[in-house]
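Read off the chains here:
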Amino acid sequence: MYAQMIKTASTGIKLRADMSDQERAFQDKIDDNIKIEPRDWMPEDYRATLIRQIGQHAHSEVVGQLPEGNWITRAPTLERKMILLAKVQDEAGHGLYLYSAAETLGESRDELMRLLHEGRMKYSSIFNYPTLNWADIGAVGWLVDGAAIVNQVALQRTSYGPYSRAMIRICKEESFHARQGFHAIMKMAFGTREQKRQAQDAVNRLWYPSIMMFGPNDSESTHSEQSMAWKIKVKSNDELRQQFVDQTVPQIEYLGLELPDPNIQWNAEKGHYNFSDPDWSEFFDVIKGNGPCNTDRLNDRVKAWEDGQWVRDGLLAHARKKDARKVAAE
Amino acid sequence: MKNEWPLWEVFIRGQHGMSHRHVGSLHAPDAETAVKNARDVYTRRNEGVSIWVVEAKHISATAPGDKGPLFEPSESKVYRHPTFFKIPGEVGHM
């Protein structure tokens, strides 16, 4: 999802019999749904895994601004432009809530930024795909933020207090993102023949990257058992993906668009839709850095950080000078 | 990392008559910028009518391990609650 392929910082799941008294008390709290707070004792592997997951989640919010920022100046109306600006501003805010949550675990925001910029931390694979036209912006809000919501609603119940609180806040705002996206694509799907064609094209291109957001199939996802036991992860990749498909298919049908996968079919026995797996080799390739936009995205991030350096330094120098003057006056 | 902006904790009064409540944190070079950033980050949807910021290093807190000795004693003092006292019905509302 916004955090994919997070390697749990442990080797397999720890059995109760192998736990110390402290570890057992910690696991009891989690089993009783008592939130873990920053200054509570926690296993180092729990801390390390959370930093990886929250950090990657934060990076995704921030990098996620890039494909949309691309369209702010080209939005079709002033109203759509203001809406898109508000959404992109929200994404910056979401990144900030998450960096703050990671910081309560003892990892500084600057350090997380450095790891991202050096390519040592990832962000969601979805943002390595381009936004070619206005229909893509609608589809991103509707499908990508829609997929994010499915994941983030589950994560509201995560065991770490600051992460859970950030998720609650983010979910409230994210719902605006998905609805504005659906509204934009609806306008096109119900518009001229050419608009409808563009809407269909956007759905076709973004469907598989969207369902890839949940990460590999559970059978391939070998590290999640301990994360589930710690309630860092609350639902499995396949459960979340199925939930997303089930809620999205009727929406595509409502728009009168063709389903982007010929194998999508209601399975009355399961009570779920059948659908095709995405091309996982493409997913792993994008994760590795070979997606259509990986290089551009990272270069843009690094450039923004470096270009802002003199502003950050200048404001800090000014604040220090003011403080020194105040001390001298006292 | 010595050029990292300091961390500020943000408190917001949701509506008139309510107290300020902790909502999160942010980085800023000074108090004035912290207030401006808090306004942008934490009040984009009418969440508040007033903002406090305080640099995180100035906050003192109880330790998680002291929870028992600090807060458990009040659990046994049920007489501190008005419902502990049964007042005869004929006395009326009290």
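Enquirer: Just to check I follow, could you spell out the overall build of chain B for this structure?
Expert: Within chain B, the secondary structure is distributed over two helices and three strands. In sequence order, the secondary structure elements of chain B are arranged as β-β-α-β-α. Projected onto the principal axes, the alpha-carbon positions of chain B cover approximately 70 × 35 × 15 Å. Across the 94 residues in chain B, those meeting the buried criterion constitute 24%. Sequence separation of 24 or more characterises 43% of the internal contacts of chain B that already satisfy a separation of 6 or more. For chain B, the exposed area adds up to about 7000 Å²; of that, 56% sits on carbon and sulfur atoms.

Enquirer: It is not clear to me how the pattern of salt bridges should be interpreted in this structure. Could you clarify?
Expert: When the charged atoms of two side chains lie near each other, side chains of opposite charge can form a pair. Residues and elements named next belong to chain A. Evaluated as defined, the whole model comprises 27 salt bridges over all chains. For lysine 303, the salt bridge identified is with aspartate 307, shortest N-O distance 2.6 Å. Of this pair, lysine 303 and aspartate 307 both sit in helix 12 (residues 294–307), separated by four residues, roughly a single helical turn. What you see here is one network of salt bridges that share partners, running through Glu68, Lys87, Glu91 and Asp145.

Enquirer: Where do I start with the sheet that holds strand 1 (residues 7–13) of chain B in this structure?
Expert: Consider a sheet: its strands pair through backbone hydrogen bonds, and that pairing is either parallel or antiparallel. Residue and element names in this part refer to chain B. In space, the three strands of this open sheet follow the order 2-1-3, with antiparallel pairing throughout. The open sheet has two free edges, formed respectively by strand 2 (20–27) and strand 3 (50–55), since each of these has just one partner strand. Sheet twist, expressed as the mean angle between neighbouring strand axes with direction ignored, is 25 degrees. In terms of strand pairing, strand 1 meets strand 2 through seven bridges, oriented antiparallel. Along strand 2, the bridge assignment pairs glutamate 9 with serine 25. With respect to the sheet, helix 1 (residues 31–42) is in contact with strand 1, strand 2 and strand 3, its orientation differing from that of strand 2 by roughly 110 degrees.

Enquirer: Would you mind showing me how to read the side chain of Ser60(A) here?
Expert: Residue and element names in this part refer to chain A. Following the sequence through the fold, serine 60 ends up in helix 2 (residues 44–63). We classify serine 60 as buried; its relative accessible area is 0%. With residues near it in sequence (within four places) discarded, serine 60 still touches Tyr2, Tyr123, Ser124 and Phe127.

Enquirer: Looking at this structure, how should I read the interface of chain A and chain B?
Expert: Often, the extent of an interface is quoted as the loss of accessible area upon association of its parts. Tallying the contact residues gives 24 residues for chain A and 23 residues for chain B. For the pairing of chain A and chain B, the buried interface totals around 2000 Å² over both sides, and the portion due to carbon and sulfur atoms is 49%. For chain A, the biggest contributors to the area lost against chain B are Arg39(A), Arg169(A) and Leu316(A); these three give 25% of the whole. For the interface between chain A and chain B, the tally reads seven salt bridges. We note a salt bridge from Lys322(A) to Asp30(B), for which the minimum N-O separation is 3.0 Å. Here chain A and chain B share 14 residue pairs in polar contact (both at pLDDT 80 or more) between them. Of all the elements in the fold, those that place two or more residues in the side of chain A that touches chain B are helix 4 (78–103), helix 5 (109–117), helix 7 (161–189) and helix 13 (309–329) of chain A.

Enquirer: Help me understand unusual backbone geometry, please; the structure alone is not making it clear to me.
Expert: Note: most residues except glycine have negative phi, and most peptide bonds are trans. Residue and element names in this part refer to chain A. A positive phi is found at asparagine 33, a non-glycine position, where the angle reads about 60 degrees. When you line up the elements, asparagine 33 lands in the loop between helix 1 (21–31) and helix 2. Of note, the phi angle at lysine 231 is positive, near 55 degrees, even though the residue is not glycine. Position of lysine 231 among the secondary structure elements: in the loop between helix 9 (224–229) and helix 10 (237–254). Judged by relative accessible area, which is 23%, lysine 231 ranks as partly exposed.

Enquirer: Hey, could you run me through the packing of aromatic side chains in this one?
Expert: Aromatic ring pairs are reported here in terms of the distance separating the ring centres and the angle at which the planes meet. One pass over the full model with this rule turns up 14 aromatic pairs over all chains. Note on Phe283(A) and Phe284(A): the rings are 5.2 Å apart at their centroids and 75 degrees apart in plane angle, and the pair reads as edge-to-face. Ring geometry for Tyr79(B) versus Phe84(B): centroids 6.4 Å apart, planes at 75 degrees, classification edge-to-face. An aromatic cluster is present here, built from Phe26(A), Trp41(A), Tyr46(A) and Trp230(A) joined pairwise through their rings. The ring of Trp71(A) has Arg74(A) sitting right over it, with the charged end atom 4.6 Å from the ring centre. Of note, Arg312(A) hangs over the ring of Trp305(A), and the distance from its end group to the ring centre comes to 3.7 Å.

The rules we used
Residues numbered from 1 in each chain as written. Chains lettered and ligands numbered in written order. Predicted model: local features only at pLDDT ≥ 70, side-chain atom pairs only at ≥ 80, totals over all residues. Heavy atoms only, no water. Helix = DSSP H or I, 4+ residues; strand = E, 2+ residues; numbered from the N terminus. Buried < 20%, exposed > 50% of the residue type's maximum accessible area, 1.4 Å probe, protein only. Contact = heavy atoms within 4.5 Å. Areas by Shrake-Rupley, 256 points an atom, 1.4 Å probe, with all protein chains shown as cover. Salt bridge = Lys/Arg side-chain N within 4 Å of Asp/Glu carboxyl O. Pairing = 2+ DSSP bridges. Axes fitted to C-alpha atoms, helices over the stretch in contact; angles between N-to-C directions. Buried area = accessible area lost by both parts, 1.4 Å probe. Polar contact = N/O pair within 3.5 Å; in protein donor to acceptor, adjacent residues only side chain to side chain. Phe/Tyr/Trp six-rings, centres within 6.5 Å; stacked < 30°, edge-to-face > 60°. Lys NZ or Arg CZ within 6 Å of the ring centre and 35° of its normal.

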